[in-house]
Amino acid sequence: MLEKLQQWRKPFNNGGKNLAIGPNLTACHSSYGRPDLLVYCCPPGFQTPVPFTDFKFPDPSPVRVRRPAHLLNESFIAKYNKALSIMKSLPYDDPRSFLRQANLHCQFCTGAYEMLNRSGSELNIHRTWMFFPWHRMMIYFHERILGSLIGDDTFALPFWAWDIPDGMTIPDFYVDESSPFFHSQRDFSHFPPRVADLDYSPDDNDPRFDGKEQTETNLAFMYNRMVSGAKKTELFMGCTYKAGDKNCDSPGTIESAPHNTLHTWIGSGLNPGREDMGKFYSAAKDPVFYPHHSNIDRLWEVWRDINDRKLDIDDSDWLNSFFLFYDENLNLVKIKVKDVLDITKLGYSYEEVDRPWLNHRPPPSVPPEQSRRIIKLKQNENPVFSSNFRRVLDGKLTVTVNRSVKREKVDEEETVVVYGIVVRGNEYVKFDVYVNLSDDTKMNPKFREFAGTFVHIPGGGRGGHDLKKMKLKLGISELLKDLKADEDESIWVTLVPRTTSCSNVSIEGIKIEYIK
């Protein structure tokens, strides 16, 4: 046991140069599920160190094939039903039990654990480059536990394919009240046939679009999140997060939305934080969490595929960061990020489905020449701010941002950076960002002027009040080209509040940066 405990410390004993992340499983504490709600989700007996084993890749066969949930047949649903029922029946002292599995998300996503050898430095994997690999690890072990409970080593989690038209409603068997897939803490008005709103704001009390238009909007939104807004690793994966780092707080495109937005869309509007799915401390208590994250995991693979793996991270601190999970045999397993980058070695794959959003590159809402004339006429009505200013986002805000710094190389991505974002209060926050918006009636992801969105789910940490300065980076090189603004000396950037809580948001400024 002593040898294994010493191994935990290896990533931190290299003259301070190695900043890989790992949890101290014996340093767990209460945390804030909401800024106004203290929760306790530490596992029983965490104070006593438990021996662990290093991760080993499973046998190469059979391969577990994850299929879209809306295409599952009755026999698979019955098998999944049985496995989940058994998991839910296990006692809490069994780490394979459903509630213990759910509490993993609470422990790692609200700051309940401290970083190993960093006393007082809370570990939180959201809004960073740890988001994708940690969730992959979580559902990997969850899947294998479910299969082992029914003696089926081919069992694979389905994925909720909300990025394709046929899969954009909650899968039917998850709303069957007689099944273990049903969960009472949901927004029942969003049950089928309602099409999921990937760009959702809870202040949109009624559907903004009918089902057909919502589907088209979702596809254009996905193009922004997977293609035009995700041309560099940092934009898709999130900011660089290393041991002791307290400044990394910038999610990637998919994490911000549709990940956060769908969590909120599913959660119950009758609860203060739209629990269960609407808050990280409670989200994994809802069985739909798992196919939702299975699709998130699939989209990571799709993004790597459409970029020919050229944007993969090779930072040793990221590759050597590790977490610990119980496997299907009740062994505590230490698994590193570098262990989960090849799903073939992990023994699972995804059934291929269409990628219709690849063909939904949005057009300008107004012909660029006409838009240029409109903007010029309005120019005198809008102040020109320097790169530093502080404003409360209590209404739509348009600023002129200079592009005095030109990109040096063709492959550099130009980004709009909204920086110094401070969120006060307990509420969900969302605002959208547009470039060269000349027609306010066409503020919609279906149009090229839409640059991206900021989505913040508050909570986490011992203090309970998240007042860190956050940053939003949005890739706009393709957008500027389509708007015929790529040679302009300045652009208009418009921030559009989508929640009333934006009145509790302050911003220091907006600027242009380039990512190599």
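What counts, and where the lines are drawn
- Here the residue index of a chain counts from 1 through its sequence in written order.
- The predicted origin of the model limits local features to residues at a pLDDT of at least 70 and limits the giving and counting of side-chain atom pairs to 80 or more, whereas totals for whole chains, interfaces and linings rest on all residues.
- By convention in this description, side-chain values take in all heavy atoms of the structure and omit both hydrogens and water.
- Secondary structure elements are taken from DSSP: a helix is a run of H or I of four residues or more, a strand is a run of E of two residues or more, and numbering for both begins at the N terminus.
- Both definitions apply: the radius of gyration is a C-alpha atom measure, and the globule rule equals 2.2 Å times residues to the power 0.38.
- The rule is simple: take the accessible area with a 1.4 Å probe, protein chains only, and divide by the maximum for that residue type; under 20% is buried, over 50% is exposed, in between is partly exposed.
- Whether two residues are in contact is decided by their heavy atoms: any pair within 4.5 Å suffices.
- Here the accessible surface of atoms and residues is derived via Shrake-Rupley with a 1.4 Å probe, and residues count as covered only by protein chains that are part of the display.
- Under this rule, positive means Lys or Arg and negative means Asp or Glu; His and the chain ends count for nothing.
- To locate a charge, take atom NZ for lysine, CZ for arginine, CG for aspartate or CD for glutamate.
- For salt bridges, the criterion is a side-chain nitrogen of Lys or Arg within 4 Å of an Asp or Glu carboxyl oxygen.
- Being paired, for any two strands, means DSSP has found at least two bridges between them.
- Each axis is a line fitted through C-alpha atoms, taken for helices only over the stretch in contact, and angles between the N-to-C directions span 0 to 180 degrees.
- Any pair of cysteine sulfurs within 2.5 Å is marked as a disulfide.
- UniProt positions are given in the numbering used here, feature names are shortened, and annotations may be inferred rather than shown by experiment.
- Multiply 1.5 Å by the residue count of a helix minus one, and that product is the helix's expected span.
- Among buried residues, those of type Ala, Val, Leu, Ile, Met, Phe, Trp, Tyr and Cys that are joined through side-chain atoms within 4.5 Å constitute a nonpolar core.
- Domains are outlined according to an automatic or database domain assignment.
- What sets the label is the angle itself: under 35 degrees gives roughly parallel, over 145 gives roughly antiparallel, 65 to 115 gives roughly perpendicular, and the rest give oblique.
- Put simply, a crossing is left-handed when the front helix is turned counterclockwise from the back one by less than a right angle, and right-handed when it is turned clockwise.
- When residues are sorted by character, Ala, Val, Leu, Ile, Met, Phe, Trp, Tyr, Cys and Pro go into the nonpolar class, Asp, Glu, Lys and Arg into the charged class, and all the rest, Gly among them, into the polar class.

Draft legend 1. Local environment of the overall build of the protein chain. Within the protein chain, the regular secondary structure consists of 12 helices and 19 strands. Against the 2.2 N^0.38 benchmark of 24 Å for 516 residues, the protein chain shows a C-alpha radius of gyration of 23 Å, consistent with a compact globule. Along the first, second and third principal axes, the C-alpha set of the protein chain runs to 70 × 55 × 45 Å. Classification of the 516 residues of the protein chain by burial places 62% in the buried group. Across the protein chain, contacts joining residues at least 24 apart in sequence account for 78% of those joining residues at least 6 apart. Carbon together with sulfur atoms contributes 48% to the accessible area of the protein chain, which is approximately 20400 Å² in total. One finds the centroid of the 66 positive side-chain charges in the protein chain at a distance of 4 Å from the centroid of its 70 negative side-chain charges.

Draft legend 2. A look at the pattern of salt bridges. For the structure on display, the rule yields 44 salt bridges. A salt bridge links D197 to R208; the shortest N-O distance between them is 3.7 Å. On the criterion of sequence distance, the pair formed by D197 in the loop between α4 (131-149) and α5 (211-228) and R208 in the loop between α4 and α5 is long-range, its members being 11 residues apart. Overall, D197 belongs to the buried group, its relative accessible area being 6%.

Draft legend 3. Here's a closer look at unusual backbone geometry. Omega for the bond connecting S61 with P62 falls within 30 degrees of zero, at 0°, which places this linkage in the cis form. Geometrically, the link from P192 to P193 is a cis peptide bond, its omega value of 15° lying close to zero. The residue P193 is located in the loop between α4 and α5 in this model. In this structure, R127 takes a positive phi of about 60° despite not being glycine. Following the sequence through the fold, R127 ends up in the loop between β7 (118-122) and α4. Given a relative accessible area of 14%, R127 falls into the buried group.

Draft legend 4. Expanded view of the sheet that holds strand β12 (residues 397-402). What the four strands build is an open sheet, ordered β12-β17-β14-β15; its pairing is antiparallel. Bordering the open sheet on either side are β12 and β15 (450-456), each of which pairs with just one other strand. Across the sheet, the mean angle separating the axes of adjacent strands is 20° when strand polarity is ignored. Relative to strand β17 (residues 490-497), β12 runs antiparallel, the two sharing six bridges. Note that in β17 the partner of T398 across the bridge is T494.

Draft legend 5. Just the sheet that holds strand β9 (residues 332-336), in detail. As summarised here, the arrangement of the three strands in space is β4-β9-β8, forming an open sheet in which the pairing is mixed. Strands at the two margins of the open sheet, each flanked by one partner only, are β4 (53-54) and β8 (322-326). Relative to β9, β8 runs antiparallel, the two sharing five bridges. Of the residues in β9, the one forming a bridge with F322 is K336. Its contacts with the sheet put α4 on β8 and β9, and the angle it makes with β8 is roughly 15°.

Draft legend 6. Main features of the state of the cysteines. Inspection of every chain in the model, using the stated rule, returns three disulfides. C239 shares a disulfide with C248; S-S distance 1.9 Å. Looking along the S-S bond of the C239-C248 disulfide, the torsion reads about 100°, which is the right-handed sense. In this pair, the class of C239 matches that of C248, namely buried.

Draft legend 7. Inspection of the UniProt feature "domain: Tyrosinase copper-binding" (unreviewed entry) in the protein chain at higher detail. Under the UniProt annotation, "domain: Tyrosinase copper-binding" (unreviewed entry) lies at residues 286-297. Taken end to end, residues 286-297 comprises 75% helix and 0% strand; its first and last C-alpha atoms sit 18 Å apart.

Draft legend 8. Region of the structure containing α4. For α4, built from 19 residues, the straight-helix expectation of 27 Å at 1.5 Å per residue is met to within 8% by its first-to-last C-alpha distance of 28 Å. With 18 of 19 residues buried, α4 lies mostly within the body of the structure. Following α4 by one or two positions, G151 has its phi on the positive side, about 65°.

Draft legend 9. Structural detail: the side chain of R225. By secondary structure assignment, the location of R225 is in helix α5. Look at R225: it is buried, it has no salt bridge, and the nearest opposite charge is D199 at 7.3 Å. Among all residues touching R225, those that are not within four sequence positions of it are A230, F236, T253, I254, S256, A257, P258, G452 and T453.

Draft legend 10. Broad picture of the environment of E122. Inspection of the secondary structure assignment puts E122 in strand β7. Along the sequence, E122 and A27 sit 95 residues apart, while their C-alpha atoms lie 9.7 Å from each other.

Draft legend 11. The nonpolar core, seen in detail. M226 and W318 are the most contacted members of the largest nonpolar core, which has 117 residues in total. Considering each element in turn, this core owes the most residues, 11 residues, to α4. Per-domain counts for this core show at least three residues from each of domain 1 (26-359) and domain 2 (368-515). Not counting residues up to four positions away in its chain, the partners in contact with W318 are W129, M130, P133, M237, W300, I313, V337 and L341. In terms of nonpolar packing, the next biggest core, distinct from the first, is built from 32 residues, V401, V423, F454 and I512 among them.

Draft legend 12. Geometry of the packing of α5 against helix α7 (residues 253-266). The interhelical angle for the contact between α5 and α7, taken along N-to-C directions, is 155°, at an axis separation of 9 Å. As far as their axial angle goes, α7 and α5 are roughly antiparallel. By crossing handedness, the relation of α5 to α7 is classed as left-handed. Contacts from F221, M222, R225 and M226 in α5 reach T253, I254, S256, A257 and P258 in α7. Taken together, the residues of the contact of α5 with α7 break down into six nonpolar, two polar and one charged.

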